[in-house]
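Chains, contacts and geometry: an overview
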Amino acid sequence: MDGSFYITTPIYYVNDVPHIGHAYTTCAADVLARFHRMRGERVLFSTGTDEHGQKIARAAQDAGLTPQELVDRVVLRFQDLWKRMHISHDVFIRTTDPEHERTVQSFFLLLKEKGYIYKGEYEGWYCVPCETFWTEAQLEGRLVCPDCGRPLERLREESYFFALSKFTEPLLRYLDEHPDFVMPESRFNEIYSFVKGGLKDQSISRLGVRWGIPVPGDPNHTIYVWFDALINYLTVVGFGRDRELFETFWPSAHHLVGKDILRFHAVLWPSMLLAAGLPLPRRVFAHGWWTVEGEKMSKSKGNVVDPLEVIARFGVDRFRYFLMREVSFGLDGDFSERAFVERSNADLSDNFGNLIHRTLNMVWKYRNGRVARPSQYEDREWEELLQEVRERFFTFMDRFAFSQALGEIWRLVHFGNRYLDQKAPWRMAKDPDLGEELDRVLYRLLDCGRILGVFLFPFMPETATRLLQYLGVEEILRDRNPLALCDWGKGPSVFSVAQPEPLFPRLQG
Ligand code: MSP
């Protein structure tokens, strides 16, 4: 299939080191990027860091560093983690990149010229950790941040405003016409009723904050960090500098975000784009939050999950698999060591790993590592199951329903294990009359392994590559559209397999 696919993660604040929440969104984006590449599409996958604003400036001050020194240090932690997680992003954007700063300033000027930006005075409250403005009316008498519960700071300063209120009606109309602009549906409804309540103009500059992009022509002001950050999605596709890149990818933009930052992405951002006269992204998908052993993750509780530690202990693919399988994308989930070990042992060791290991061992034991494609290789049951699994797998992937998509792949795994038990090749091997039937059984299982390797590649690239290498068919990954080769009869004329090592030895719980 041709076409383009642009997938983004939020750009992460670099006041602190990465945790499981960051790993989650980035892993999901990577799965999508790999999946779409495997369909032969042109893919642009971007992630990066959000480096301006008061929060970063304060963190730097506390650490005795300049903001630039701090961000230059922390950004390495993110880049290193993505490498270890086998994240295949095409672009890593930093908001301190000069190209981004230019894009933000020209976008600001564009909205100003169109009459959507004006100067006024902001009086109200500000949450530094969330970098969010709050009005009295929104606070209902409580002086803590409605999002994070932390204390607010009082602001009264000259400020530039974006005329967000003008977009209440246009945005409602857009939502009416595009019911899958925000997903999942419950989040769509939430955004819809928020917009319906009426939008207020949004302050988009700070007077006292030096660490930011200066407002063009009025450098005492810096541009509000969210206004700056959202524009990263345009910088990446060459807005204002590379027309071809922009036209190729912008119409297929998909944003993945956590539920806490959905409003910025589904209210402020589309309004900014409407104001600029630009098309809106295809989809904004909000995922849920992870708790840890049933508790909210926080530094003060000391329960923050460090992805590097999980990978060092359990391996990268167990981690990627757990993140994508354990909860439905969109819902909240809980990370616990027990759930991790159970999930990994049950699905990866006992089911998947076992199927592959048993198959390859038998191919060595009874056929010295080689099985040629037998005649009458077709089998109705396998064919029907594969067809159904494949259709449903694609549908789930198109809806970002990763856990359900994996569930489909595991239907093949379960079927393979049952098939092996029922056919009992060890009995066939004793009867010379059943030699051909034994070849068929082994070939089907090997071909099932090949198809599993391709389907699993977006989720567990390392394991899938190893599996395909064991089967001697790893060149399938170099095909333009490996997913199209996931059909019976598209396997090699001979499987010549390697001596396997277990893919997922059981973990001690
Ligand atoms: N810099 C902004 C995003 C700007 S995008 C134009 C930001 N950065 S962040 O580093 O604070 O958070 C990034 C993401 O991490 C958010 O999508 C947030 O939902 C996610 N998570 C933070 N804690 C999380 C969990 N405990 N669980 C899952 N995701 C969580 O916001």
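Bear in mind that the values here come from a model prediction, so they are computed numbers and not experimental data.

The next point concerns the UniProt feature "binding site: Zn(2+)" (unreviewed entry) in the protein. Mapped onto the present numbering, the UniProt feature "binding site: Zn(2+)" (unreviewed entry) falls on Cys 127, Cys 130, Cys 145 and Cys 148. The largest pairwise C-alpha distance within this set of annotated residues, which runs over 22 residues, is 8.7 Å, so the set is compact in three dimensions. In this structure, Cys 127 sits in strand E4 (residues 117-127). Taking relative accessible area as the criterion, Cys 127 reaches 0% and is therefore assigned buried. Excluding residues within four positions of it along the chain, Cys 127 makes contact with Thr 132, Trp 134, Cys 145, Cys 148 and Leu 152.

Time to look at the sheet that holds strand E8 (residues 202-203). Taken in spatial order, the 4 strands of this open sheet run E5-E4-E6-E8, and their pairing is antiparallel. Single-partner strands in this sheet number two, and they are strand E5 (132-134) and E8. For E4 and E5, the ladder comprises 3 bridges, and the chain directions are antiparallel. For Tyr 126, the partnering residue across the bridge sits in E5 and is Phe 133. Lying over the sheet, helix H11 (residues 262-276) contacts E5, strand E6 (153-162) and E8, oriented at roughly 35° with respect to E6.

This part is about the pairing of E4. Bridge count between E4 and E6: 10 bridges; the pairing is antiparallel. Bridging across to E6, Gly 120 finds its partner in Ser 159. In sequence, E4 turns back onto E5 through a hairpin of 4 residues, with Glu 131 there showing a positive phi of about 50°.

The subject of this paragraph is the domain arrangement of the protein. Here the protein is partitioned into domain 1 (4-287) and domain 2 (336-496). Taking only C-alpha atoms into account, the centre of domain 1 sits 42 Å from that of domain 2. At the interface, 17 residues of domain 1 touch 18 residues of domain 2. Here domain 1 meets domain 2 over a buried area of about 1700 Å², counting both sides, of which 70% is carbon and sulfur. At the surface where domain 1 touches domain 2, the tally comes to 1 salt bridge. For Arg 39, the salt bridge goes to Asp 398, with nearest N and O atoms at 3.3 Å. Summed over the shared surface of domain 1 and domain 2, the number is 3 residue pairs in polar contact (both at pLDDT 80 or more). Sort the elements by how many residues they give to the side of domain 1 that touches domain 2 and helix H1 (residues 20-37) lands first, with 7 residues. Taken together, the residues of the side of domain 1 that touches domain 2 break down into 9 nonpolar, 3 polar and 5 charged.

With respect to the secondary-structure elements, Gln 54 resides in helix H2 (residues 54-62). The exposure class of Gln 54 is buried, given its relative accessible area of 13%. A distance of 3.0 Å separates the side chain of Gln 54 from the side chain of Arg 206, its partner in a polar contact. Excluding residues within four positions of it along the chain, Gln 54 makes contact with Tyr 126, Val 128, Glu 131, Glu 153, Arg 206 and Val 209.

Moving on, we come to the packing of aromatic side chains. As enumerated under the stated definition, the model contains 45 aromatic pairs in all. The interplanar angle of 45° and the centroid separation of 5.6 Å between the aromatic rings of Phe 285 and Phe 400 together place this pair among those described as tilted. Placement of Phe 285 in strand E13 (residues 283-287) and of Phe 400 in the loop between helix H15 (380-398) and helix H16 (402-423) is noted, with a sequence separation of 115 residues between them. Overall, the relative accessible area of 2% leaves Phe 285 in the buried class. Above the plane of the ring of Tyr 126 lies Arg 206, whose end atom (NZ or CZ) is 4.4 Å from the centre. A cation over an aromatic ring shows up here: Arg 283 above the ring of Phe 400, its NZ or CZ 4.5 Å from the ring centre.

Quick notes on the rules
- Residues numbered from 1 in each chain as written.
- Predicted model: local features only at pLDDT ≥ 70, side-chain atom pairs only at ≥ 80, totals over all residues.
- Heavy atoms only, no water.
- UniProt positions renumbered as here; feature names shortened; annotations may be inferred.
- Helix = DSSP H or I, 4+ residues; strand = E, 2+ residues; numbered from the N terminus.
- Buried < 20%, exposed > 50% of the residue type's maximum accessible area, 1.4 Å probe, protein only.
- Contact = heavy atoms within 4.5 Å.
- Pairing = 2+ DSSP bridges.
- Axes fitted to C-alpha atoms, helices over the stretch in contact; angles between N-to-C directions.
- Domains from an automatic or database assignment.
- Buried area = accessible area lost by both parts, 1.4 Å probe.
- Salt bridge = Lys/Arg side-chain N within 4 Å of Asp/Glu carboxyl O.
- Polar contact = N/O pair within 3.5 Å; in protein donor to acceptor, adjacent residues only side chain to side chain.
- Nonpolar A, V, L, I, M, F, W, Y, C, P; charged D, E, K, R; others polar.
- Phe/Tyr/Trp six-rings, centres within 6.5 Å; stacked < 30°, edge-to-face > 60°.
- Lys NZ or Arg CZ within 6 Å of the ring centre and 35° of its normal.

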